[in-house]
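The chain contents come next:
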Amino acid sequence: MKSVFDAPEIKSEFESAGINPNFMIPIWKYVIQNPDCVWDEIPSLPTAAYTLLHSKFKTFTSSLHSLFHSSDGTTSKLLIKLQNGAFVEAVIMRYDTRLGMCGGKPRPGGVRSTLCISSQVGCKMGCTFCATGSMGFKSNLTSGEIVEQLVHASRLADIRNIVFMGMGEPLNNYNAVVEAVRAMLKQPFQLSPKRITISTVGVVHAINKLHNDLPGISLAVSLHAPVQEIRCQIMPAARAFPLQKLMDALQAFQKNSQQKIFIEYIMLDGVNDQEENAHQLGELLKTFQVVINLIPFNPIGSTSQFKTSTKESVSSFQKILRGTYNIRTTVRKEMGQDISGACGQLVVNQPDNKRPAEPLRDIEDLHL
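Before going into details, it helps to say that this report is about the structure given with it. Only a predicted model underlies this, so the values are computations on that prediction, with no experimental measurement involved.

**So, the packing of aromatic side chains**
Then step 1. Inspection of the entire model under this criterion finds six aromatic pairs.
Then step 2. Ring geometry for Phe 5 against Phe 60: centres 5.7 Å apart, planes inclined by 40°, an arrangement best described as tilted. Placement of the pair is Phe 5 in the loop between β1 (2-3) and α1 (7-16) and Phe 60 in the loop between β2 (57-58) and β3 (62-69), with a sequence separation of 55 residues. A single burial state applies to Phe 5 and to Phe 60, both of which are buried.
Then step 3. For the pair Tyr 265 and Phe 317, a centre-to-centre distance of 5.2 Å together with 35° between the ring planes defines the contact as tilted. Note that Tyr 265 is positioned in strand β14 (residues 261-267) and Phe 317 in helix α11 (residues 311-323), a separation of 52 residues in sequence.

**Focus on the pattern of salt bridges**
Then step 1. In the structure shown here, the tally under the stated rule is seven salt bridges.
Then step 2. Two residues, Lys 2 and Glu 13, come together in a salt bridge whose shortest N-O distance is 3.3 Å. One end of the pair, Lys 2, is in strand β1; the other, Glu 13, is in helix α1, with 11 residues separating them in the sequence.
Then step 3. A residue is classified by how much of its surface remains accessible, and Lys 2, at 29% relative accessible area, is partly exposed.
Then step 4. Looking at Glu 13, the relative accessible area reads 14%, which means it is buried.
Then step 5. For Glu 13, the salt bridge goes to Lys 56, with nearest N and O atoms at 3.1 Å. Of the two residues, Glu 13 is situated in helix α1 and Lys 56 in helix α3 (residues 47-56); the sequence distance between them amounts to 43 residues.

**Remarks on α3**
Then step 1. When α3 is considered as a whole, its buried residues turn out to be Ala 49, Tyr 50, Leu 52 and Leu 53. Along the axis of α3, the buried positions cluster into a sector of 165°, meaning they face one direction only. Opposite its buried face, α3 presents the exposed residues Thr 47 and Thr 51, each directed more than 90 degrees away.
Then step 2. Buried residues in α3 make contact with α1, α2 (24-33) and β2.

Cut-offs used in this document
- Residues numbered from 1 in each chain as written.
- Predicted model: local features only at pLDDT ≥ 70, side-chain atom pairs only at ≥ 80, totals over all residues.
- Heavy atoms only, no water.
- Phe/Tyr/Trp six-rings, centres within 6.5 Å; stacked < 30°, edge-to-face > 60°.
- Helix = DSSP H or I, 4+ residues; strand = E, 2+ residues; numbered from the N terminus.
- Buried < 20%, exposed > 50% of the residue type's maximum accessible area, 1.4 Å probe, protein only.
- Salt bridge = Lys/Arg side-chain N within 4 Å of Asp/Glu carboxyl O.
- Arc of directions from axis to C-beta.
- Contact = heavy atoms within 4.5 Å.

Pasting the structure below:
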């Protein structure tokens, strides 16, 4: 059975049956407000629509299996079970914008919530610092399964921002991610394109078409190294996406979109965190409009081959990028570590019936 939130599927089926696909919107609204409903309870649909919904669609193809809250209340982690028995995670992060500064004064606003969404079960990129890569690739999520993460999360918080930074490489599941984002821009979600960020390790051919397919969407790039040699060492997939080709794709994206690009850079002690590396990164990016987000590394258990950079190294790295190259550079604030909901490594072990899985950390929390 297909998810009713899989927009291309329901649109195709409705059109084939001679049903106006615009009925999709009131169906979504009703299901969101009444998650335990059955199809016959939805009012004012054509008779043929009820028959079609019964035969081919489910209100949800996923369920909220477990929910964890951080002790400080800023982070909630959702373990979501798919209809094929696999599990993915989504994480809600809550920020108080008034704690930030703008022009020397506290920023206006209040609490806002960002949802980190998964696009695949597992990942084939194999990044050596990321536990998701240790799972290998299991399967792509459908666009409906991606949207359902937002629906589940919306019952817990008013979601303002979406980041595709959970399990998987979003641009390796390109069509489903694009369709999911398009659904999120419509009623009843009506998210703004500028509040949706898609992160990639650098899938060049997909970056080249992303702006045309999803104008206004923000792009984040998991760069993690300033030279190809180090990138290949810690990110095997980088061999397929040479750094110069990636830079060319980012230059074209920026020219077409006129948007800043977010650069994610995990700090690995003695690997990519030296002052030389900071200067290499500054030279690489000095002609771009970017925000660099330095990410403290979270070791994967006790056997990790990497260590976390010292605070002094991170601070020195940041000062070089800011002072010498005038590049806006932030250091990521870790959230949800006590529920394994922080940044860098997310992996889901298949849980048994008695005990929920304990994913490791993975949240790419951009300070926009």
